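Chain by chain, the residues run as shown.
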Amino acid sequence: QVQLVESGGGLVQAGGSLRLSCAASGRTFSTDTMGWFRQAPGKEREFVATINWSGSRTYYADSVKGRFTISRDNAKNTVYLQMNSLKPEDTAVYYCAASTIGFGAPSPFEQEYNYWGQGTQVTVSS
């Protein structure tokens, strides 16, 4: 019943931009932490970005800091990831996640997230 559905992935050249969306249904996440994670081929899933319940605070992995921006629209129950200056090493499946078990603060720890989307593929070519 509760679902997170990512969209907006695709193929882009290095230096380009993509905007990912995560639409939630089945419950409201307006008081909850949201995050983006990614998994590249042959690698473990890693933290990308997180945002607090209101959208006033964010935190990013060093690898994407200054290039990616996480945001949310609680009226639409949707979270976004704006990705600029993309690099081939950004190629991965990107997952949206929500945490209803914390205090609503940004969190980079995937163990704290209890809802996950199906993922969307982002491929960055040289």
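See the structure shown above.
Residues numbered from 1 in each chain as written. Predicted model: local features only at pLDDT ≥ 70, side-chain atom pairs only at ≥ 80, totals over all residues. Heavy atoms only, no water.

(A) Local environment of unusual backbone geometry. In the Ramachandran plot, Asn 77 falls in the positive-phi region, its phi being about 55° despite a non-glycine side chain. For Asn 77, the position within the fold is in the loop between β7 (68-73) and β8 (78-83). In this structure, Ser 85 takes a positive phi of about 50° despite not being glycine. Take Ser 85: it is sitting in the loop between β8 and β9 (92-99). (Helix = DSSP H or I, 4+ residues; strand = E, 2+ residues; numbered from the N terminus.)

(B) Layout of the sheet that holds strand β3 (residues 18-25). What the four strands build is an open sheet, ordered β1-β3-β8-β7; its pairing is antiparallel. The open sheet terminates on both sides in strands that have one partner only, identified here as β1 (3-7) and β7. Neighbour to neighbour, the strand axes of the sheet diverge by 15° on average, direction disregarded. Strand direction decides the pairing type here: β1 and β3, joined by five bridges, are antiparallel. By the bridge assignment for β3, Leu 4 is matched with Ala 24. (Pairing = 2+ DSSP bridges. Axes fitted to C-alpha atoms, helices over the stretch in contact; angles between N-to-C directions.)

(C) Representation of the environment of Trp 116. Among the structural elements, Trp 116 can be located in strand β10 (residues 115-116). According to the relative accessible area criterion, Trp 116 is partly exposed, its value standing at 26%. If sequence neighbours within four positions are ignored, Trp 116 has contacts with Leu 4, Phe 37, Arg 45, Tyr 95, Cys 96, Ala 97 and Glu 110. Polar side-chain contacts of Trp 116 include one of 3.2 Å to the backbone oxygen of Tyr 113. (Buried < 20%, exposed > 50% of the residue type's maximum accessible area, 1.4 Å probe, protein only. Contact = heavy atoms within 4.5 Å. Polar contact = N/O pair within 3.5 Å; in protein donor to acceptor, adjacent residues only side chain to side chain.)

(D) Summary view of the packing of aromatic side chains. For the structure on display, the rule yields six aromatic pairs. Note on Phe 37 and Trp 116: the rings are 5.1 Å apart at their centroids and 50° apart in plane angle, and the pair reads as tilted. Remark: Trp 116 occurs in strand β10 and Phe 37 occurs in strand β4 (residues 33-39); sequence separation between them is 79 residues. Among the aromatic residues, those joined into a ring-pair cluster are Phe 37, Phe 47, Tyr 59, Tyr 113 and Trp 116. The aromatic ring of Tyr 80 is capped on one face by Arg 19, whose charged end is 4.0 Å from the ring centroid. Just above the ring of Phe 29 sits the side chain of Arg 27; from NZ or CZ to the centre is 5.2 Å. (Phe/Tyr/Trp six-rings, centres within 6.5 Å; stacked < 30°, edge-to-face > 60°. Lys NZ or Arg CZ within 6 Å of the ring centre and 35° of its normal.)

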